[in-house]
Amino acid sequence: MANFIITKEQIEQIRPYMEDVEEKIKLGLEPFLIELNYAIVGELGDDYETTSSSDKLQKIYDDILNQN
């Protein structure tokens, strides 16, 4: 298990879009980002257009990547 930087605020923002967030964090940065990417894709619109939810998650993804 690799540790990485993620804030409680980020976790709470992700929680509605990802089951078992804490368990996925324990997997390490790369596996967690893969799961977060799945959540982003799941929030895209019918024609894979961005939505407010997917934009929000993408920003969190970018922030976590930059923090680490």
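Before reading on, note that the structure itself is shown above.
Residues numbered from 1 in each chain as written. Predicted model: local features only at pLDDT ≥ 70, side-chain atom pairs only at ≥ 80, totals over all residues. Heavy atoms only, no water.

For the protein chain, the count of helices and strands is 4 helices and 0 strands. Along the protein chain, helices and strands appear, N-terminal first, in the series α-α-α-α. For a compact globule of 68 residues, the expected C-alpha radius of gyration is about 11 Å, and the protein chain comes in at 12 Å, within 12% of that figure. Counting across all 68 residues of the protein chain, residues that qualify as buried make up 34%. In the protein chain, once contacts between residues fewer than 6 apart in sequence are set aside, the share between residues at least 24 apart is 51%. If you sum the accessible surface of the protein chain, you get close to 4600 Å²; carbon and sulfur atoms cover 49% of it. (Helix = DSSP H or I, 4+ residues; strand = E, 2+ residues; numbered from the N terminus. Rg over C-alpha atoms; globule rule 2.2 N^0.38 Å. Buried < 20%, exposed > 50% of the residue type's maximum accessible area, 1.4 Å probe, protein only. Contact = heavy atoms within 4.5 Å. Areas by Shrake-Rupley, 256 points an atom, 1.4 Å probe, with all protein chains shown as cover.)

Here the structure, examined in full by the defined rule, presents 1 aromatic pair. Note on Phe4 and Phe32: the rings are 5.6 Å apart at their centroids and 35 degrees apart in plane angle, and the pair reads as tilted. Here Phe4 is found in the segment before helix H1 (8-14), whereas its partner Phe32 is found in helix H3 (residues 29-42), with 28 residues between them in sequence. The two residues Phe4 and Phe32 agree in class, both being buried. (Phe/Tyr/Trp six-rings, centres within 6.5 Å; stacked < 30°, edge-to-face > 60°.)

With that settled, consider the nonpolar core. Ranked by size, the top nonpolar core spans 17 residues in total, and within it Ile6, Ile14, Phe32, Leu36 and Ile64 carry the most contacts. Every element with two or more residues in this core is listed here: H1, helix H2 (21-25), H3 and helix H4 (52-67). Setting aside residues up to four positions removed in sequence, Leu36 forms contacts with Ile14, Met18, Leu57, Tyr61 and Ile64. (Core = buried A, V, L, I, M, F, W, Y, C linked by side-chain atoms within 4.5 Å.)

Turning to unusual backbone geometry, a few remarks are in order. In this structure, Asp20 is a non-glycine residue whose phi angle is positive, near 55 degrees. Its place among the elements puts Asp20 in the loop between H1 and H2. Given a relative accessible area of 53%, Asp20 falls into the exposed group. The backbone phi angle of Tyr48 is positive, close to 60 degrees, even though this residue is not glycine. Turning to its location among the elements, Tyr48 is positioned in the loop between H3 and H4.

Without other data, these values stay purely geometric and don't point to any function.
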